[in-house]
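Survey of secondary and tertiary structure
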Amino acid sequence: IIKSHPSIGLSIFDSVLYRNTDSIFNHFAKNIILYHEEKYDGTGYPTNLVGDKIPVAAQIASVAIEYNELLKTMNEESILNEIVKGSGTKFNPKVVESLKRAIEKIKQVNK
């Protein structure tokens, strides 16, 4: 049942929101909804996509969703360490490196 939530989410999007948004938004939203549970190494779902076969928007959303979930129980440094552990398996290493650079830039700005 859990593994069917991307398809169910896409059906809801198609029936409720699709008609009220523009085509570019629809393209990215559908990719995120359907593929956000795919893993970089191909062990995700619903279609077991591997690496760059996963739409980039979904790869970024996957890291963002994980970060947000971990905020409930971890501090920022622990969250980043946990995400780095998933680099190359759960997550695209390029997306993880981008997150690390973004966090570093935010730290610099806040100093």
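What comes next concerns the included structure. (Residues numbered from 1 in each chain as written. Predicted model: local features only at pLDDT ≥ 70, side-chain atom pairs only at ≥ 80, totals over all residues. Heavy atoms only, no water.)

1. Here we look at the nonpolar core
What counts is decided by this rule: To qualify as a nonpolar core, a set must consist of buried Ala, Val, Leu, Ile, Met, Phe, Trp, Tyr and Cys residues joined through side-chain atoms within 4.5 Å. When accessible area is computed with a 1.4 Å probe and restricted to protein chains, residues below 20% of their type maximum are described as buried, those above 50% as exposed, and intermediate ones as partly exposed. A run of H or I in DSSP counts as a helix once it spans at least four residues, and a run of E counts as a strand once it spans at least two, with each numbered from the N terminus. In this description, contact between two residues means that some pair of their heavy atoms is separated by no more than 4.5 Å.
Val63, Tyr67, Leu70, Ile79, Leu80, Ile83, Phe91, Val95, Val96, Leu99 and Ile103 form the largest nonpolar core, which has 11 residues in total. Elements supplying a minimum of two residues to this core: α3 (56–70), α4 (76–85) and α5 (93–110). Setting aside chain neighbours within four positions, we find Tyr67 in contact with Glu76, Ile79, Ile83, Leu99 and Ile103. Core analysis: the second largest hydrophobic core is formed by six residues, Leu34, Leu49, Ile54 and Ala58 among them.

2. Some thoughts on the pattern of salt bridges
This is how the line gets drawn: By salt bridge we mean one thing: a side-chain nitrogen of Lys or Arg within 4 Å of a carboxyl oxygen of Asp or Glu.
Applying the stated criterion across every chain, the model contains six salt bridges. For the salt bridge of Glu66 with Lys90, the shortest nitrogen-to-oxygen distance reads 3.2 Å. Taken together, the residues Glu66 in helix α3 and Lys90 in the loop between α4 and α5 connect sequence positions 24 residues apart. Measuring nitrogen to oxygen at the nearest pair gives 3.2 Å for the salt bridge that ties Glu97 to Lys100. One end of the pair is Glu97 and the other is Lys100, both in helix α5 and three residues apart, which spans about a single turn.

3. Points about the packing of α3 against α5
Condition: Fitting a line to C-alpha atoms yields each axis, with helices limited to the stretch in contact; the angle taken between N-to-C directions then spans 0 to 180 degrees. Note on terminology: angles under 35 degrees are roughly parallel, angles over 145 are roughly antiparallel, angles of 65 to 115 are roughly perpendicular, and the others are oblique. By convention, the crossing between two helices is left-handed when the near helix turns anticlockwise from the far helix through less than a right angle, and right-handed when the turn is clockwise. Here the nonpolar group is Ala, Val, Leu, Ile, Met, Phe, Trp, Tyr, Cys and Pro; Asp, Glu, Lys and Arg are the charged ones; every other residue, Gly included, is treated as polar.
For the pair α3 and α5, interaxial distance at closest approach is 10 Å and the crossing angle is 55 degrees. Here α3 lies oblique to α5, going by the angle between them. Between α3 and α5 the crossing geometry is right-handed. In contact with Gln59, Ile60, Val63 and Tyr67 of α3, α5 contributes Val95, Leu99 and Ile103. Split by residue class, the contact of α3 with α5 holds six nonpolar, one polar and no charged.

4. So, unusual backbone geometry
Each neighbour pair has its own omega, and for Tyr45 with Pro46 the value is 20 degrees, a cis peptide bond. The residue Pro46 is located in the loop between α2 (23–35) and α3 in this model.

5. Points about a nonpolar patch on the surface
Filter applied, for reference: Two distance rules govern patches: like charges are joined within 9 Å, and nonpolar side chains (Val, Leu, Ile, Met, Phe, Trp, Tyr) within 5 Å, applied only to residues with over 30% relative accessible area and no salt bridge. Working definition of accessibility: Shrake-Rupley area with a 1.4 Å probe, residue cover restricted to the visible protein chains.
On the surface, Ile8, Ile12, Val16 and Leu17 cluster together to form a nonpolar patch covering roughly 360 Å² of accessible area. Within the element layout of this structure, Ile12 appears in helix α1 (residues 5–17).

These values are about where atoms sit, not about what they do.
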